[in-house]
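# Structure at a glance
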Amino acid sequence: MYSVPVAGLCPQGSYGIQDSLRSGFTSVKNELLPSHPLELSEKNFVLNQDKMNFSTLRNIQGLHAPLKLQMEYRAARQIQRLPFLQSSNLALDTLRGSDDTIGFEDILGDPAQSEMMGEPHMMVEYKLGLL
Amino acid sequence: PAAGFNFDNAARNAAFDGLFEGGQTPKPLKTGTTIAGVVFKDGVVLGADTRATSSEVVADKMCAKIHYISPNIYCCGAGTAADTEKTTDLLSSNLTVFSLNSGRNPRVVMAVNILQDMLYRYHGQIGANLILGGVDCTGNHLYTVGPYGSVNKVPYLAMGSGDLAALGILEDRFKHDLELEKAKELVRDAIHAGIMSDLGSGNNIDICVITKQGVDYIRPFQESEYKETRKPKYKYRPGTTPVLTKKVVPLKLEVVEETQQSMDTA
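Predicted model, so just to flag it, every value in this text is computed and none were measured.

## Comments concerning the overall build of chain B
A tally of regular secondary structure across chain B gives five helices and twelve strands. Expressed as a percentage of its 266 residues, the buried residues of chain B come to 41%. In chain B, 61% of the contacts between residues at least 6 apart in sequence involve partners at least 24 apart.

This is the structure in structure tokens:
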């Protein structure tokens, strides 16, 4: 299971360059430390929860149980739409058991309604290796 | 872009705090409340005042602080108004989905557990102090959930900025297995004490009685004596204003173009 990434909150402007108008001047502190106490914890929440569940499962039922489940997760994660479209991740949700719960991530910041979208042609070409 | 809370502006807001002399960042709408709950013989009585404040100004005089969670569970919320509203809405949705899945009425402990998990995840950043009361197959329950996820199960309870005054009344007159009328009166007096002694509470008193037979949401249970007589609409009868003079000027209109379009009625 991959480790939880901690550092490297990249600058929020487009193209990965610091957006001085919106976020102020760059500083090493800004990029390494989160500006809000919840930022890190929220970024890795699902990851941490999965890790915890898998390790409990391993302790109770042995190594094979989480291994098999992780294989299914990996398979479900690959079911996506075209590169620039948001996927509903229904299979992944069902596996996790979060398909019948509603949380803040379903109401706030819905990616389907975000104002920015990737360039469709570019993204498909990149995915197909034609770029 | 990730779903859920967006922290992009947190750095900017932190930088703002020191910039304006006198702190001009807008403050969130707090409910600065008195809420109370009492377990009586046949169920639970919840009470709340109806004032919502935004710093020193009363923002809402008829705020509804008793939220619906499920047909047998209601929740009073103190703290930041938006937080309590959204958290109870999410809780209500989750419990509805559960009861549709399983065909049963949810239990109060389920609501408490969901709330606890949700609030602990956000480490107190969601400012919601909630009193959950309900009747289910295991009995009548009254719980309180704090913003950090702390839970307490008690027979009588008061929360909010006026809780000390309300708690005084409750401590003095609470007995187990009260009758309905006595319980309603007790909660009313507790909220009244909160309204009188606390600036953040005021206006009317709402009462919600939950029993096995059903819910009685009395809003308002008691209106404050300082009600204003401003009406939302001003409509006067024709003839209220006396007519002094009348002058009629007919406008001469010239017909410039006339077209006729027949309607297709098929």
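## Brief notes about the interface of chain A and chain B
At the junction of the two partners, chain A supplies 21 residues and chain B supplies 22 residues. Both sides together, the interface formed by chain A and chain B hides about 2,100 Å², and carbon and sulfur atoms give 67% of it. It is Leu-38, Ile-102 and Phe-104 of chain A in chain A that bury the most area against chain B; as a group they hold 30% of the surface buried on that side. Connecting chain A to chain B are two salt bridges. The salt bridge involving Glu-42 of chain A is made with Arg-121 of chain B; its shortest N-O contact spans 3.1 Å. At the junction of chain A with chain B, the criterion picks out four residue pairs in polar contact (both at pLDDT 80 or more). Taken together, the elements giving at least two residues each to the side of chain A that touches chain B come down to helix 3 (39-43) and helix 7 (104-107) of chain A. Here the side of chain A that touches chain B is built from residues that sort into eight nonpolar, eight polar and five charged.

## So, the sheet that holds strand 5 (residues 66-70) of chain B
Residue and element names in this part refer to chain B. Pairing is antiparallel in the open sheet, where five strands are placed in the order 5-6-7-8-9. Pairing within the sheet leaves two strands with one partner each, and these edge strands are strand 5 and strand 9 (151-153). Taking each pair of neighbouring strands and ignoring which way they run, the sheet shows an average axis angle of 25 degrees. Across three bridges, the pairing between strand 8 (residues 139-145) and strand 9 is antiparallel. The partner of Val-145 across the bridge, within strand 9, is Val-151. Helix 2 (residues 81-102) contacts strand 5, strand 6 (73-79) and strand 7 (128-136) of the sheet and is inclined by roughly 20 degrees relative to strand 5. Strand contacts of helix 3 (residues 108-121): strand 6, strand 7, strand 8 and strand 9, with the helix running at about 160 degrees to strand 7, the strand carrying the most contacts.

## With respect to the confidence of the model for chain B
In this model, chain B carries a mean pLDDT of 85, and residues with pLDDT of at least 70 account for 89%. Here the predicted complex scores 0.76 on pTM and 0.72 on ipTM.

## Observations concerning unusual backbone geometry
The phi torsion at Asn-89 of chain A lies on the positive side, around 55 degrees, for a residue other than glycine. Note on placement: Asn-89 of chain A falls in the loop between helix 5 (64-77) and helix 6 (90-96). Look at His-123 of chain B: it is not a glycine, yet its phi comes out positive at around 50 degrees. Tracing the backbone shows His-123 of chain B in the loop between helix 3 and strand 7.

## Here we look at the pattern of salt bridges
Across all of its chains, the model carries eight salt bridges over all chains by this definition. Put simply, Glu-179 of chain B and Lys-41 of chain B hold a salt bridge, and the shortest N to O gap is 3.1 Å. Of this pair, Glu-179 of chain B sits in the loop between helix 4 (163-173) and helix 5 (180-197) while Lys-41 of chain B sits in the loop between strand 1 (35-40) and strand 2 (43-49), placing them 138 residues apart in sequence. Note on Glu-179 of chain B: relative accessible area 45%, which makes it partly exposed. For Lys-41 of chain B, a relative accessible area of 41% translates into the label partly exposed. For the salt bridge of Arg-173 of chain B with Asp-189 of chain B, the shortest nitrogen-to-oxygen distance reads 2.5 Å. Placement of the pair is Arg-173 of chain B in helix 4 and Asp-189 of chain B in helix 5, with a sequence separation of 16 residues. Through salt bridges that share partners, Glu-42 and Glu-105 of chain A together with Arg-121 of chain B make up one connected network.

## Quick word on the pairing of strand 10 (residues 156-159) of chain B
Residue and element names in this part refer to chain B. Neither face of strand 10 is open: one carries Tyr-156 and Ala-158, the other Leu-157 and Met-159, and all of them are buried. Sheet topology places strand 1 next to strand 10; four bridges connect them, and they run antiparallel. Each residue of the ladder has a partner; that of Val-38, found in strand 10, is Tyr-156.

## Quick word on a nonpolar patch on the surface
Together, Ile-102, Ile-107 and Leu-108 of chain A make up an exposed nonpolar region whose accessible area comes to about 200 Å². With respect to the helices and strands, the residue Leu-108 of chain A is situated in the loop between helix 7 and helix 8 (120-128).

## Re the UniProt feature "active site" (unreviewed entry) in chain B
Here, UniProt's "active site" (unreviewed entry) annotation points to Thr-33 of chain B. Look past the residues within four positions of Thr-33 of chain B in its chain and what remains in contact with it is Asp-49, Lys-65, Gly-77, Ala-78, Met-159, Gly-160, Ser-161, Gly-162, Asp-198, Gly-200 and Ser-201 of chain B.

Conventions and cut-offs
Residues numbered from 1 in each chain as written. Chains lettered and ligands numbered in written order. Predicted model: local features only at pLDDT ≥ 70, side-chain atom pairs only at ≥ 80, totals over all residues. Heavy atoms only, no water. Helix = DSSP H or I, 4+ residues; strand = E, 2+ residues; numbered from the N terminus. Buried < 20%, exposed > 50% of the residue type's maximum accessible area, 1.4 Å probe, protein only. Contact = heavy atoms within 4.5 Å. Buried area = accessible area lost by both parts, 1.4 Å probe. Salt bridge = Lys/Arg side-chain N within 4 Å of Asp/Glu carboxyl O. Polar contact = N/O pair within 3.5 Å; in protein donor to acceptor, adjacent residues only side chain to side chain. Nonpolar A, V, L, I, M, F, W, Y, C, P; charged D, E, K, R; others polar. Pairing = 2+ DSSP bridges. Axes fitted to C-alpha atoms, helices over the stretch in contact; angles between N-to-C directions. pLDDT = per-residue confidence, 0-100. Patch = residues over 30% accessible without salt bridge, like charges linked within 9 Å, V, L, I, M, F, W, Y side chains within 5 Å. Areas by Shrake-Rupley, 256 points an atom, 1.4 Å probe, with all protein chains shown as cover. UniProt positions renumbered as here; feature names shortened; annotations may be inferred.

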